[in-house]
Amino acid sequence: MPDVDEEPPEVAAPADLRTPCLAASGWAGGLVAALLPPGVAGAVVLAAVVAGLVLAALRREPGLAGAVLACGLVAAAVLASASLRAEAVSSSPVAALAEQRAAVEVTGVVVADPRPVAGPFGDGVVVRLEVRAVVGRGVRHEVAVPVLVLGDERWSGVELGSSVATRGLLAPADDADLAALLTGASGPVVRHGPDVWWRGAGAVRASIRDAVAHRPADQRALVPALVDGDDAGLTADLEDDFRTTGLTHLTAVSGTNLTLVVGFLLVLARWCHVRGRWLALVAGLGIVGFVLLARTEPSVLRAAAMGAVGLLAIGANSRRRAFRGLGVAVVVLLLVQPGLATSAGFVLSVLATAGIVVLAPGWRDALARWLPRWLAEAVAVPAAAQVACTPVVAGLSGQVSLVAVVANLLVAPVVGPATVLGLAGGLVALVGDPPARLLGTAAGWCVGWIVAVARRGADLPLAAVDWGAGAGSLAVLVAGCVGLAASAPWVLRHPARAVPAAVVLVVVVTVPLPSPGWPGAGWVLAMCDVGQGDALVVNAGAGRGVVVDAGPDPTAVDRCLRRLDVEEVPLVVLTHFHADHVDGLPGVLDGRRVGQVWTTSLLDPPEAVEEVVGAARGAGVVPTLPPSGAVTVGDVVLQVLWPLPGPPTVGPGDGSTANDESVVLLAEVRGVRILLTGDVEPPGQAAVARELPSLDVDVLKLPHHGSRYQDLDWLTSLHAEQVLVSVGADNDYGHPAPDVLGALEATGAGVARTDEDGDVLVVAGAGAGGTVSVRAAG
């Protein structure tokens, strides 16, 4: 029997699926264009249309035939757009000159703000140009293709929209949207300054930064990021905290930004008695102004389109209008930028908007039965967006955030004020500094709360859970999200069901899982379970640890260090620059005192070197090469055995030689000798054997996750009691090799591996007649 206090459910109009079907068809056209050769892609689209027409004929439904033709037309249009763009780029004279590594002179227009990149020998600058003319091999060509310029600090001040000339060497680009890379670019010669609209937008962006220049660093960086996507000042650890708490959308241009800015303009217009179609004109001008302010890059255009859909969700018949608007926006964006079909950001943006349009109204109405409507909407909107995006986020990051909904709910009241105050501060700063600083202070207070939520949320014991990115794991997650979406209105309709569910979530997130006796006394080394990668911690004393490699995931290594109660890291050693050893560095640096960072002398691959240098500098540390000789760090004595001392060197650029230049460390702590080998290969192993022919250790970290490519004679000659293998479960590399493990076990060594044992501790003086023993968490 139904409750007497319940209102009858609102009868929703049938969903109009025409534009979503067109959007899905356009998306399919973009995907086949990206994944298949043009001829094959065209055949696939044609075959799909023919199959649809046959089905319509068999069912005798003329309407279905019309729908199939419309969908096929949209898919073909997106495919044609992608093919034409790809052909224009790949067949251009610039691409041909890039294949020849030609020295050229180019003239073009700057189409994106200069972006500084950190490098081991100084900072560089990356700039995107729309090249209009190129002179190479004695011939001048008139073109219109994008090129990425790799320049020095002389490029840092070039303005968006400027026409510039420069010289350099062309090289092929990995990105299909680029005709070439221009390396070693000379300083830009400005032929023409930017147009007045670009100068105006640049002045406002600079004024926004000036309005908050007096605020603390995190606030100073976040206000411009929130208002116009200017994220140059964000530190790696803050970005990682925002990622963990599901707040990353606030650090980049999103549809929310546009909805807030244009919504504010509409409120002002109504106060000025603007009505009717004039409001539409105000909204249109606001969208154009926002795009100019945030830059006309694909991500900004995507955000503008999604924000426009958000504006459609305001007013009468909003749900149907927004649903149709979303479909139209997807089709238009794919026609203009077909490459968005394979963009993770585009997928997340569309799913978040769809979640808000489709799921949020029903959840809001259910909550509004017992909560104020404004609070019900504040809960429903971020929750719906998060549920819609969760499977894709898990596939990309291997994690599911448990705090995202709560974090978004907590920051929701200040996002709007922070955005509007930051923009107002920038506009006022154009005419007067003191009022702008006042507005900037208020915006800083607002984003200070956002930073606090991100920092505290990321520190929770179970802020995020690891989730497999395989097809089976994602299918389970998708099914769970669909079930949650279907059951949420029933759960949320009554506080007797909703409140206990919320309490359970809060308890799961905030109460640490018990780890009895971990790490306990006597441990000398921890091998963290970070998946397919390395992250080890040598006990340097109470609350201190020397970290050797950081693994591929900041959250995983951070969680391991928290369980070990490591609050200070006097030394980080990065054996080489492969992602599975360095990408987790922000998780080591986050919230801990860090003394030094040592790296290998081979600075390759360069992209990873730049990321490491940037992350370390964000924590106030400059990476250096290891010193020669023994070094004492707390309770640990360290000696670098390989590579031999020498100046930094640059590799081939693809990281192919990085493994054998791994730093090999001999550590001694509490009488236990530990050999940490990174991914060193047989040539490097042989070199160490020649330098120290009688080397004998208690613990061996097996090189390269137990790869078959080893010098087994050397490894077995070390007489290690325990062998540690840091390896991911079900990895695609066949690690660890059974014959390698068998040879080591034949010497009497014990083997511990993270894929089977989880985190592993090496404990001194606890072995049965030996020097060490191991404890496993898994």
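The structure presented is a predicted model; accordingly, all values stated were derived computationally and were not measured. (Residues numbered from 1 in each chain as written. Predicted model: local features only at pLDDT ≥ 70, side-chain atom pairs only at ≥ 80, totals over all residues. Heavy atoms only, no water.)

Asker: Before we move on, can you summarise helix H1 (residues 18-35) with the specific residues and values?
Answerer: Relative to the 26 Å expected for 18 residues at 1.5 Å per residue, H1 spans 26 Å between its end C-alpha atoms, a close match to the ideal helical length. Among the residues of H1, Thr19, Ala23, Ser25, Gly26, Trp27, Gly29, Gly30 and Val32 are the ones counted as buried. (Helix = DSSP H or I, 4+ residues; strand = E, 2+ residues; numbered from the N terminus. Expected span 1.5 Å × (residues − 1). Buried < 20%, exposed > 50% of the residue type's maximum accessible area, 1.4 Å probe, protein only.)

Asker: Pulling in residues and values, what's your account of the state of the cysteines?
Answerer: Here the structure, examined in full by the defined rule, presents one disulfide. Two residues, Cys528 and Cys560, share a disulfide whose sulfurs are 2.1 Å apart. As the torsion about the S-S bond is roughly -70°, the Cys528-Cys560 disulfide counts as left-handed. A residue pair is termed long-range when its members are at least 10 positions apart, and Cys528 in the loop between strand E10 (523-527) and strand E11 (536-541) and Cys560 in helix H19 (residues 554-563) qualify at 32 residues. The exposure class assigned to Cys528 is buried, which follows from its relative accessible area of 0%. Just so you know, Cys21 is unpaired, no disulfide at all, and the nearest cysteine sulfur is the one on Cys71, 5.5 Å from it. (Disulfide = S-S within 2.5 Å.)

Asker: How would you explain empty space enclosed by the protein if you had to name every residue and give the values?
Answerer: Taken as a whole and judged by the stated rule, the model has two cavities of 30 Å³ or more. Computed from the structure, the largest cavity encloses a volume of approximately 50 Å³. Thr235, Ala236, Asp237, Pro586, Leu589, Ala615, Gly618 and Ala619 are the residues that line the largest cavity. Contributions of two or more residues to the lining of the largest cavity are made by helix H7 (236-244), helix H21 (585-589) and helix H22 (606-618). (1 Å grid on protein atoms, 1.4 Å probe; cavity = no way out; pocket = protein on both sides within 12 Å on 5 of 7 lines; lining within 4 Å. Points joined across faces, edges and corners; volume = space filled by probe spheres on them.)

Asker: An account of the packing of aromatic side chains is requested, with residue identities and associated values reported.
Answerer: Summed over the entire model, instances satisfying the criterion amount to one aromatic pair. When the centroid spacing of 4.9 Å and the interplanar angle of 50° are considered together, the rings of Trp27 and Phe346 count as tilted. A residue pair is termed long-range when its members are at least 10 positions apart, and Trp27 in helix H1 and Phe346 in helix H12 (residues 344-358) qualify at 319 residues. Taken as a pair, Trp27 and Phe346 share a single burial class, namely buried. (Phe/Tyr/Trp six-rings, centres within 6.5 Å; stacked < 30°, edge-to-face > 60°.)

Asker: Any details on the sheet that holds strand E14 (residues 593-599)? Residues and values, ideally.
Answerer: Spatially, E14-E13-E12-E11-E10-E22-E23 is the arrangement adopted by the seven strands of the open sheet, whose pairing is mixed. Each of the sheet's edge strands pairs with one partner strand only, and the pair in question is E14 and strand E23 (772-776). Across the sheet, the axes of successive neighbouring strands diverge by a mean angle of 20°, strand direction being ignored. Alignment of strand E13 (residues 568-574) against E14, held across six bridges, turns out to be parallel. (Pairing = 2+ DSSP bridges. Axes fitted to C-alpha atoms, helices over the stretch in contact; angles between N-to-C directions.)

Asker: Provide a residue-level description of the sheet that holds strand E19 (residues 699-701), including the pertinent values.
Answerer: Pairing within the open sheet is mixed, and its seven strands lie in the order E15-E16-E17-E18-E19-E20-E21. Each having just a single partner strand, strand E15 (630-633) and strand E21 (750-753) make up the two edges of the open sheet. Ignoring which end each strand starts from, the neighbouring axes of this sheet average 20° apart. When E15 meets strand E16 (residues 636-642), the two strands line up antiparallel, connected through four bridges. Bridge assignment links Val631 to a residue of E16, and that residue is Leu638.

Asker: Summarise the confidence of the model for the chain; cite the residues concerned and give the values.
Answerer: Counting all residues, the mean pLDDT for the chain is 85, and 92% of those residues have values of 70 or more. Long-range and interchain partners of residues 1-12, a stretch whose pLDDT sits below 50, account for seven contacts in this model, where long-range means more than four residues apart. (pLDDT = per-residue confidence, 0-100. Contact = heavy atoms within 4.5 Å.)

Asker: I'd like a description of the layout of surface pockets, backed by residues and values.
Answerer: Taken as a whole, the second largest pocket encloses approximately 1,300 Å³ of empty space. As for the second largest pocket, its lining consists of 43 residues, of which Leu402, Val405, Val406, Ala502 and Leu505 are closest to the centre. Mapped onto the lining of the second largest pocket, the elements with two or more residues apiece are helix H13 (360-367), helix H14 (373-397), strand E8 (399-401), helix H15 (404-429), helix H16 (433-459), helix H17 (471-492) and helix H18 (495-510). A per-class count over the lining of the second largest pocket returns 35 nonpolar, seven polar and one charged. (Nonpolar A, V, L, I, M, F, W, Y, C, P; charged D, E, K, R; others polar.)

Asker: Tell me about the packing of H12 against H14, and name the residues and values.
Answerer: Taken N-terminus to C-terminus, the directions of H12 and H14 make an angle of 150°; their axes are 7 Å apart at the nearest point. What the angle tells us is that H12 and H14 run roughly antiparallel. Taken as a pair, H12 and H14 cross one another with a handedness that is right-handed. Listed contacts from H14 to Ala344, Val347, Leu348, Leu351, Ala352, Gly355 and Ile356 of H12 are Val381, Ala384, Ala385, Ala388, Cys389, Val392, Val393 and Leu396. Across the contact of H12 with H14, the residue classes tally to 14 nonpolar, one polar and no charged. (Parallel < 35°, antiparallel > 145°, perpendicular 65-115°, else oblique. Left-handed = near helix turned anticlockwise from the far one by under 90°.)

Asker: So, a negative patch on the surface: which residues are in play, and what are the values?
Answerer: Together, Asp174, Asp175, Asp177, Asp583, Glu607 and Glu611 line one region of the surface with negative charge. Examined against the element boundaries, Asp174 turns out to sit in the loop between strand E5 (163-171) and strand E6 (180-183). A relative accessible area of 85% places Asp174 in the exposed class. (Patch = residues over 30% accessible without salt bridge, like charges linked within 9 Å, V, L, I, M, F, W, Y side chains within 5 Å. Areas by Shrake-Rupley, 256 points an atom, 1.4 Å probe, with all protein chains shown as cover. Salt bridge = Lys/Arg side-chain N within 4 Å of Asp/Glu carboxyl O. Lys, Arg positive; Asp, Glu negative; His and termini not counted. Charge placed at Lys NZ, Arg CZ, Asp CG, Glu CD.)

Asker: So what's going on with the side chain of Arg215? Which residues, and what values?
Answerer: Mapping Arg215 onto the fold places it in the loop between helix H5 (196-211) and helix H6 (217-228). One buried charged residue, Arg215, forms no salt bridge at all, with the nearest opposite charge on Asp218 at 11 Å. Excluding anything up to four places from it in sequence, Arg215 contacts Arg220, Gly440, Thr441, Gly444 and Trp445.

Asker: Give me the environment of Phe323: which residues, what numbers.
Answerer: Take Phe323: it is sitting in helix H11 (residues 318-336). Sequence separation between Phe323 and Val631 is 308 residues, and the spatial gap between their C-alpha atoms is 64 Å.

Asker: Run through the nonpolar core, naming residues and quoting values.
Answerer: Generally speaking, soluble globular proteins have nonpolar side chains that are buried together. Counting residues in each nonpolar core, the largest one holds 34 residues, and the members touching the most others are Leu222, Phe242, Leu247, Leu250 and Ile450. Secondary-structure elements contributing two or more residues to this core are H5, H6, H7, helix H9 (277-294), helix H10 (298-312), H15 and H16. Among the elements that take part in this core, H16 stands out by supplying seven residues, more than any other. Residue contacts for Leu222: discarding those within four places in its chain leaves Leu234, Phe242, Leu250, Thr251, Val447, Ile450 and Val451. In this structure, Leu561, Val597, Val609 and Ala615 belong to the second largest nonpolar core, which totals 33 residues. (Core = buried A, V, L, I, M, F, W, Y, C linked by side-chain atoms within 4.5 Å.)

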